[in-house]
Amino acid sequence: PTTEDAALRHLAHTHNPYALYFGTATCMKNPDDNRLYNRKKLFKQLHVVVLDDIGTKIPMDTLPEALKPSYIIETSAGNYQYGFVLSEPVDNLAHAQALIHLAYTSGYSDAGGGMPTKAVRLPGGVNGKEGAKKGFKVNLKHMDGPKWTPADLLLALGVDETWEYVQENTAAIVNRNVGTSPWSPVAAQAASMLGVIDPVLEWLYTKGRVKSENDEWVTILCPWAHNHTKGDEGSYSPLGRGEGRHK
């Protein structure tokens, strides 16, 4: 993560295409090194709920009429992210996880990318994914929609549970995996929204090697950094996230 000013200064002096992202949640600085990372355990407040793959995996004509996004961004040709800006942030991590879980299992989003500390695209950047999407210029379609309360968003999504129920029964809503395997007494730290547990990612968390994560990639301190020609970071795509890449 970087400041807006630092990012703009960098972009003003380069001709290289970049993918640009912002976080749906604000995070606290890591107390160990006083640096900022996009990690769930550093969560402070959820500000935006973003539904993915509208127009491709989720046909637009299936969306409820009441579901008016605060903004729409086209991330590749005919593929959109719908952002619902919260009128007041959610500052309880368990409540935020439950809200995201219900939104992403409502049937109106690709469920693979649901997490409270999600990185989503900014207009002005490019889509760097290989294939037909590569090089697509991410663009803003509109940003004049309403702000949302969690209660109104759940109602518009057709979710049966009320926000009051969610706040009082969080554990009953979010899928609580009991361990990294059926026989493990250790709770999983990074299960996907659909309950997929990646043992390699769990090991990386245990060893303190996770620097930041989004719904597709995790930035890590590479275990083989001594073989790098430059830097000590690497990227890992966990099971249950992204588009089938598990590297």
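Scoring rules and cut-offs
Residues numbered from 1 in each chain as written. Predicted model: local features only at pLDDT ≥ 70, side-chain atom pairs only at ≥ 80, totals over all residues. Heavy atoms only, no water. Helix = DSSP H or I, 4+ residues; strand = E, 2+ residues; numbered from the N terminus. Buried < 20%, exposed > 50% of the residue type's maximum accessible area, 1.4 Å probe, protein only. Contact = heavy atoms within 4.5 Å. Salt bridge = Lys/Arg side-chain N within 4 Å of Asp/Glu carboxyl O. Pairing = 2+ DSSP bridges. Axes fitted to C-alpha atoms, helices over the stretch in contact; angles between N-to-C directions.

Which residues make up the overall build of the protein, and what are the values?
Helix and strand content of the protein: six helices and 14 strands. For the protein, the proportion of its 247 residues judged to be buried stands at 42%. Taking contacts inside the protein between residues at least 6 apart in sequence as the whole, the part at least 24 apart equals 56%.

Describe the pattern of salt bridges, listing the residues and the values that go with them.
The final tally for this structure, using the stated rule, is three salt bridges. Close ionic contact of Asp52 with Lys118 constitutes a salt bridge, the shortest N to O distance being 2.8 Å. Taken together, the residues span a long stretch of sequence, with Asp52 in strand E5 (residues 43–54) and Lys118 in the loop between helix H2 (93–104) and strand E8 (119–121) at a distance of 66 residues. For the residue pair Asp52 and Lys118, the accessibility class agrees, reading buried in each case. We note a salt bridge from Asp53 to Lys57, for which the minimum N-O separation is 3.6 Å. Overall, the relative accessible area of 12% leaves Asp53 in the buried class.

Mind laying out unusual backbone geometry, listing which residues take part and the relevant values?
At Asn34, a residue that is not glycine, the phi angle is positive and equals roughly 60 degrees. Along the chain, Asn34 turns up in the loop between strand E3 (29–30) and strand E4 (35–36). Judged by relative accessible area, Asn34 falls into the exposed class, the value being 53%. The phi torsion at Asp53 lies on the positive side, around 60 degrees, for a residue other than glycine. Of note, Asp53 is situated in strand E5.

Residue-level account of the sheet that holds strand E13 (residues 218–221), with values.
The three strands are arranged E12-E13-E14 in an open sheet whose pairing can be described as antiparallel. Two strands in the sheet have a free side with no partner beyond their single neighbour: strand E12 (210–213) and strand E14 (233–236). Taking each pair of neighbouring strands and ignoring which way they run, the sheet shows an average axis angle of 25 degrees. Of the strand pairs in this sheet, E12 and E13 are connected by three bridges, and their pairing is antiparallel. The partner of Glu213 across the bridge, within E13, is Val218. Helix-sheet contacts for helix H6 (residues 199–206) involve E12, E13 and E14, and the interaxial angle to E12 is about 125 degrees.

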